[in-house]
Amino acid sequence: MKKIDFRNLHRDLGYFYIGLIVSFAFSGLLMNHRDVWHPEKYTTDTKTIEVKLPQESDITEKFAEELGKKLGIEDKFRRHNVKKGEFKISFENHDVEIDIKTGKGEIVTFIKTPIISQTMKLHKNTSDFWIYYSDIFAISLIVIALTGTIMIKAGKFSWKNRGWKLAVAGVVFPLLFLLFFG
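Reference entry: report on the structure contained in this document. (Residues numbered from 1 in each chain as written. Predicted model: local features only at pLDDT ≥ 70, side-chain atom pairs only at ≥ 80, totals over all residues. Heavy atoms only, no water.)

On to the side chain of Thr147, then. Inspection of the secondary structure puts Thr147 in helix H4 (residues 128-149). When its relative accessible area of 4% is taken as the criterion, Thr147 is described as buried. Separated by 2.9 Å, the side chains of Thr147 and His10 make a polar contact. Once residues lying within four places of it in the same chain are set aside, the contact partners of Thr147 are Phe6, Leu9 and His10. (Helix = DSSP H or I, 4+ residues; strand = E, 2+ residues; numbered from the N terminus. Buried < 20%, exposed > 50% of the residue type's maximum accessible area, 1.4 Å probe, protein only. Polar contact = N/O pair within 3.5 Å; in protein donor to acceptor, adjacent residues only side chain to side chain. Contact = heavy atoms within 4.5 Å.)

In structure tokens form, the structure reads like this:
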């Protein structure tokens, strides 16, 4: 049986997954800031509206869908919610936000940002195939990390002299973050 060459395994897994690593890192950066900016879509039109809303308890999914149709929105209904005095309806290519008290609001029309929206979809995909593929990818990242620790056998940049200190710092930092901000 041939001895496993960890350097080659590390290199080949790195090459194979480079596209996925970059895609996940890029979409992860964008998703970190999705509360401030919608990188997945961009606005093409904003229209001011004013509607009469029923009592908050009567705002149902059916009401939200029917209101969308009355407002001329033809695309697929996704969800609705009422929070902090705002009634929000999400459609495939439209967002509706209405102030509960005044009935004033707006319809935002948008389209998906090419490439960025597809990349971000990787983070959200829940198909069985993608879950298994992502599991294999996660295990491969562990292998890449572990084989990287043994690539330099000796010297001032080896695991023994320097690597373990950086690894400990890399583990401690997120733990401290979780402890103080989690």
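Let us look at a positive patch on the surface. Residues Lys76, Arg78, Arg79, Lys112 and Lys121 make up a contiguous surface patch of positive charge. By the secondary structure assignment, Lys112 is in strand S5 (residues 104-112). Taking relative accessible area as the criterion, Lys112 reaches 31% and is therefore assigned partly exposed. (Patch = residues over 30% accessible without salt bridge, like charges linked within 9 Å, V, L, I, M, F, W, Y side chains within 5 Å. Areas by Shrake-Rupley, 256 points an atom, 1.4 Å probe, with all protein chains shown as cover. Salt bridge = Lys/Arg side-chain N within 4 Å of Asp/Glu carboxyl O. Lys, Arg positive; Asp, Glu negative; His and termini not counted. Charge placed at Lys NZ, Arg CZ, Asp CG, Glu CD.)

By the definition in use, this model includes two salt bridges. Across the pair Asp12 and Arg11 runs a salt bridge, and its minimum N-O distance is 3.0 Å. For the salt bridge of Glu66 with Lys62, the shortest nitrogen-to-oxygen distance reads 3.9 Å. In this pair, Glu66 and Lys62 are both assigned in helix H2 (residues 61-70), four residues apart and thus about one turn of the helix distant. Exposure remark for Lys62: the relative accessible area of 58% places this residue in the exposed category.

For the rest of this paragraph, the subject is the sheet that holds strand S1 (residues 41-50). A sheet is described by the order of its strands in space; here five strands give the open sequence S1-S5-S4-S3-S2, paired in antiparallel fashion. Taken across any chain shown, the strands that pair with only one partner, and hence form the sheet edges, are S1 and strand S2 (77-83). In this sheet, neighbouring strand axes are inclined to one another by 15° on average, regardless of whether the strands run parallel or antiparallel. Direction of pairing for S1 relative to S5: antiparallel, over a ladder of nine bridges. Looking at the pairing, Thr43 lines up with Phe110 of S5. Across the sheet, H2 lies against S2, strand S3 (86-91) and strand S4 (94-99), angled at about 70° from S3, the strand it touches most. (Pairing = 2+ DSSP bridges. Axes fitted to C-alpha atoms, helices over the stretch in contact; angles between N-to-C directions.)

Another aspect to go through is helix H3 (residues 116-124). Buried residues of H3: Ile116, Ser117, Thr119 and Met120, and no others. Within H3, the buried residues cover an arc of 160° as seen down the axis, which keeps them to one side. If you follow the buried residues of H3, they end up packed against helix H1 (6-32) and S5. (Arc of directions from axis to C-beta.)

These figures capture arrangement, not role.
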